[in-house]
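# Notes for the structure review
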Amino acid sequence: MFITFEGIEGSGKSTQRKRLLQWLDQQNISYISTREPGGTGVGHVLRDLLLSNTSSIVSNRTELFLFAADRCEHLAQVIRPALARGDWVICDRYVDSTYAYQCGGREHNEQDILDIIRLTNAIEPDLTFLLDMSPEEGLRRAKARADLDRFENEQLSFHQRVREAYLKTATKHHHRFSIIPSDGQSVDAIFDMIVTKINERRQMA
């Protein structure tokens, strides 16, 4: 299975992804854990450039193309080979982040973003977990966790647009999306919902 985790800053993606990896170990399921940007050597360099507050990137289109370049290498070097081996792929952010942050946050033309995603020859995930949270709470958590990166430092309105774009694409791709409200939910309760959804999908296979 190819499973992705999505959500605004501070929504709990990393915590739930780590819980899932522990569960996969217990189930003796072979997997790889990866992320975008940064899932390859090339991607690691791009991640530093894209997320650093000292980044020299000025054009939002440059940012968009760097994310697309990261994905092309990620697919070729990591995701496609893993799936061909029969491994599960667990990915922190993927195509839906491109849509949410570039179409929603940066306000690029929607068709341009869809075309960019198409041109990377991206594989559609089997399941996408969207940890939905209010931007106010997400940013509060992000600030409490560590220094904010280039995206986390954007205005609240930016993160509100990102959330709205996430919910829009989740509705469009409802066959693979599972929206999990994260405000006020315990880590255990959220993880129980994730495992339940995965087991449901496995039974359908």
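Residues numbered from 1 in each chain as written. Predicted model: local features only at pLDDT ≥ 70, side-chain atom pairs only at ≥ 80, totals over all residues. Heavy atoms only, no water.

### Thoughts on the pairing of strand E3 (residues 88-92)
- Extensive coverage of E3 is indicated by the burial of 5 of its 5 residues.
- A two-sided burial pattern is seen for E3, the buried positions comprising Trp88, Ile90 and Asp92 on one face and Val89 and Cys91 on the other.
- As paired elements, strand E1 (residues 2-6) and E3 share 4 bridges and run parallel to each other. Counterpart to Phe2 in the pairing with E3 is Val89.
- Where strand E2 (residues 31-35) meets E3, 5 bridges bridge the pair, whose relative direction is parallel. By the bridge assignment for E3, Ile32 is matched with Val89. (Buried < 20%, exposed > 50% of the residue type's maximum accessible area, 1.4 Å probe, protein only. Helix = DSSP H or I, 4+ residues; strand = E, 2+ residues; numbered from the N terminus. Pairing = 2+ DSSP bridges.)

### Quick look at the environment of Thr169
- Within the element layout of this structure, Thr169 appears in helix H7 (residues 156-172).
- Under the relative-accessibility criterion, Thr169 is labelled buried at 5%.
- Sequence separation of Thr169 and Tyr99 is 70 residues, and the distance between their C-alpha atoms is 7.8 Å.
- Ignoring any residue separated from it by four or fewer positions in sequence, one finds Thr169 in contact with Asp96, Tyr99 and Phe177. (Contact = heavy atoms within 4.5 Å.)

### Section: the pairing of E1
- Summarising burial for E1: 5 of the 5 residues are buried, a large majority.
- Of the two faces of E1, both are covered, the one formed by Phe2, Thr4 and Glu6 as well as the one formed by Ile3 and Phe5.
- With 4 bridges joining them, E1 and strand E4 (residues 127-132) adopt parallel strand pairing. The residue bridging Phe5 from the neighbouring strand is Phe129, located in E4.

### Here we look at the sheet that holds E2
- If you walk across this open sheet you meet the 5 strands as E2-E3-E1-E4-E5, and the pairing is parallel. Only two strands of the sheet have a single partner each, and these edge strands are E2 and strand E5 (177-181). Strand-to-strand twist of the sheet, defined as the mean angle between neighbouring strand axes without regard to direction, takes the value 15 degrees.
- Against the sheet, H7 engages E1, E4 and E5, with an angle of about 145 degrees to E4.
- Sitting on the sheet, helix H8 (residues 187-204) is in contact with E1, E3, E4 and E5, with an inclination near 160 degrees to E4. (Axes fitted to C-alpha atoms, helices over the stretch in contact; angles between N-to-C directions.)

### Describing the nonpolar core
- Ranked by internal contacts, the top residues of the largest apolar core, which has 35 residues, are Tyr101, Val162 and Tyr166.
- Sorting the residues of this core by element identifies helix H2 (41-51), helix H3 (60-85), E3, helix H4 (95-105), helix H5 (110-119) and H7 as the ones contributing at least two each.
- Top contributing element to this core by residue count: H3, with 8 residues.
- Discounting chain neighbours no more than four positions away, the residues touching Tyr101 are Gly7, Ile8, Glu9, Arg93, Arg106, Phe151, Phe158, Val162 and Tyr166. (Core = buried A, V, L, I, M, F, W, Y, C linked by side-chain atoms within 4.5 Å.)

### Notes on the packing of aromatic side chains
- Scanning the model with the defined rule gives 7 aromatic pairs in all.
- Arranged with centres 6.3 Å apart and planes meeting at 85 degrees, the rings of Tyr101 and Tyr166 form a pair that is edge-to-face. Highlighted residues: Tyr101 in helix H4 and Tyr166 in helix H7, separated in sequence by 65 residues.
- For Tyr166, a relative accessible area of 1% translates into the label buried.
- Three or more aromatic residues link up through ring pairs in this structure, and these residues are Phe67, Tyr101, Phe151, Phe158 and Tyr166.
- When the ring centre of Tyr94 is taken as origin, the NZ or CZ atom of Arg71, which lies over that ring, is 5.2 Å away. (Phe/Tyr/Trp six-rings, centres within 6.5 Å; stacked < 30°, edge-to-face > 60°. Lys NZ or Arg CZ within 6 Å of the ring centre and 35° of its normal.)

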